[in-house]
Every structure is written in C-alpha cells, then in structure tokens.
Amino acid sequence: MTTENADRPGPPVTSPSIVLLTLARRIETELAAALAPLDLTVSRLGLLGHISGVPGVSFSELARMSGTTVQSVHTAVKALVAAGLARDSTARAGSASTIELTPEGARLLEAATGVVSRVDDLLFGPEADPIQRQIADAVHAAFAGFRPGRGSDARRTR
C-alpha cells in the first residue's frame, strides 16, 4: 500500500435505501421503455392493475392504493375511460362509483403483464446480476403467503 492511498477513505457503508432507490430507477426506466409500444406508463399500468385486482374499487380506494389524491385518480380514470380501457358504470354526482376494466383494458393489462415478466427476467432472472437475483428472492420470500385484498384488509396467511 502506498502512502497516497493511506489517507483515502474506505468504501461507503451500503445503504438499503440508496441501493433500492438506484435499482428502482433502473427498473422504472426499463419498464417505461418496454411499456411504451403499448402506449402505457408505469403509473397507468399500476392503475389498470389495481382496478383489475379489486373488483368494484372506488376512487378513494384507488387513491389509497396508488398513494395519490382522489382528484389525481379521477383525472387518471377519466383518461382510461376516454381510451376505452375502463368504465365507471355508476358515475353520477353524489353516488359511489364502481370502476372496472373493459375487455380492451383487460387485454392491454394482459399484454403488459407479459412485458413486465420480460423485464423481471432481464433484471432478476438467471442471467441477471447475482445481487439483483438475491433481492428478487428476498421480495418473493417477504410476500410468500400474502393474500392481496382491499387496503388494510390485506392479511398474511401465516
């Protein structure tokens, strides 16, 4: 070891927050590029998935699940309805809404699911970086036995 390296600090402590944020940006970039030919964004895909996964979901529930405001969800759902991907069969002032996918929305979601699988394989599959494969294994283990449901009604089945 030379004296010029003696004063050099060691490697930084690995921060899970920084590692996951960095990986999340890479995932979002890959997904955005892969979803673009379907005219989908990551946010729009998430909204389609929530609508599909929770039949009869309301605007308030979608806002909670998406971590956004009810006003933003209204705007996003209006765009999905205009594109023929969703419908709100009970939309009238003062009444609760029930949002659902149209057959075209369901087809698009199915196509997008294939795209997500390809991105997952690229980033976390057998040819991916070993650390990223370990992260995927940890995610799968963390959600093993998890039963999706509405908001805080979701329960682990342990």
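The protein appears in an unreviewed UniProt entry as DNA-binding MarR family transcriptional regulator from Nonomuraea angiospora.

**Student:** Sorry if this is basic, but what is going on with the overall build of the protein here?
**Tutor:** For the protein, the count of helices and strands is seven helices and four strands. Its helices and strands taken in sequence order, the protein reads α-α-α-α-α-β-β-α-α-β-β from the N to the C terminus. Burial status across the protein gives 23% buried among its 158 residues. With an accessible surface of roughly 10,700 Å², the protein has 57% of that area assigned to carbon and sulfur atoms.

**Student:** Explain the nonpolar core to me, please; I cannot follow it from the model alone.
**Tutor:** The tendency in soluble globular proteins is for nonpolar side chains to be buried side by side. Core analysis: the biggest nonpolar cluster contains 28 residues, and L35, L48, I51, L62, V77, L80 and I99 have the highest contact counts within it. For this core, the secondary structure elements donating two or more residues are α2 (16–35), α3 (42–53), α4 (59–66), α5 (70–82), β2 (99–101) and α6 (103–124). For this core, the leading source of residues is α6, giving seven residues. Those residues within four positions of L80 in sequence are excluded, and the remaining contacts are R44, L47, L48, I51, L85 and A86.

**Student:** Just to check I follow, could you spell out the packing of α3 against α6 for this structure?
**Tutor:** If you want to describe how two helices pack, look at the angle between their axes and the distance between the axes. Where α3 meets α6, the axes come as close as 10 Å, and the angle between the chain directions of the two elements is 120°. In terms of axis orientation, α3 runs oblique to α6. Crossing angle aside, the handedness with which α3 passes α6 is left-handed. Contacts from L45, L48, G49 and S52 in α3 reach L108, L109, A112 and V116 in α6. Counted by class, the contact of α3 with α6 contains six nonpolar, two polar and no charged residues.

**Student:** How should α3 be read in this particular structure?
**Tutor:** Each turn of an α-helix holds 3.6 residues, which means side chains three or four residues apart point in the same direction. When the terminal C-alpha atoms of α3 are compared, their 16 Å separation across 12 residues agrees well with the 16 Å that a helix rising 1.5 Å per residue should span. Here α3 has its buried residues at L45, L47, L48 and I51. Along the axis of α3, the buried residues cluster in a sector spanning 160°; they form a single face. Opposite the buried face of α3, at more than 90 degrees from it, the exposed residues are S43 and G53. At its buried positions, α3 is contacted by α2, α4, α5, β2 and α6.

**Student:** Help me understand the environment of T22, please; the structure alone is not making it clear to me.
**Tutor:** Tracing the backbone shows T22 in helix α2. Among the polar contacts listed, one links the side chain of T22 to the backbone oxygen of I18, at a separation of 2.8 Å.

**Student:** Is there a simple way to think about the environment of D88 in this case?
**Tutor:** Inspection of the secondary structure puts D88 in strand β1 (residues 86–88). Between the C-alpha atom of D88 and that of T98, which follows or precedes it by 10 residues, the distance is 5.6 Å. Here D88 is in contact with F59, V81, S97, T98 and I99, once residues within four sequence places are set aside. At 3.3 Å, the side chain of D88 and the backbone nitrogen of T98 are in polar contact.

**Student:** What exactly am I supposed to notice about the layout of surface pockets here?
**Tutor:** Any empty space left between atoms is shown by rolling a water-sized probe over those atoms. Roughly 690 Å³ of volume is contained in the largest pocket. Along the wall of the largest pocket there are 19 residues; nearest its centre are I27, L31, V116, D120 and F124. Elements with a contribution of two residues or more to the lining of the largest pocket: α2, α3, α6 and α7 (130–142). When its residues are assigned to classes, the lining of the largest pocket shows 14 nonpolar, one polar and four charged.

Here is what the cut-offs are and how they apply
- Residues numbered from 1 in each chain as written.
- Predicted model: local features only at pLDDT ≥ 70, side-chain atom pairs only at ≥ 80, totals over all residues.
- Heavy atoms only, no water.
- Helix = DSSP H or I, 4+ residues; strand = E, 2+ residues; numbered from the N terminus.
- Buried < 20%, exposed > 50% of the residue type's maximum accessible area, 1.4 Å probe, protein only.
- Areas by Shrake-Rupley, 256 points an atom, 1.4 Å probe, with all protein chains shown as cover.
- Core = buried A, V, L, I, M, F, W, Y, C linked by side-chain atoms within 4.5 Å.
- Contact = heavy atoms within 4.5 Å.
- Axes fitted to C-alpha atoms, helices over the stretch in contact; angles between N-to-C directions.
- Parallel < 35°, antiparallel > 145°, perpendicular 65-115°, else oblique.
- Left-handed = near helix turned anticlockwise from the far one by under 90°.
- Nonpolar A, V, L, I, M, F, W, Y, C, P; charged D, E, K, R; others polar.
- Expected span 1.5 Å × (residues − 1).
- Arc of directions from axis to C-beta.
- Polar contact = N/O pair within 3.5 Å; in protein donor to acceptor, adjacent residues only side chain to side chain.
- 1 Å grid on protein atoms, 1.4 Å probe; cavity = no way out; pocket = protein on both sides within 12 Å on 5 of 7 lines; lining within 4 Å.
- Points joined across faces, edges and corners; volume = space filled by probe spheres on them.

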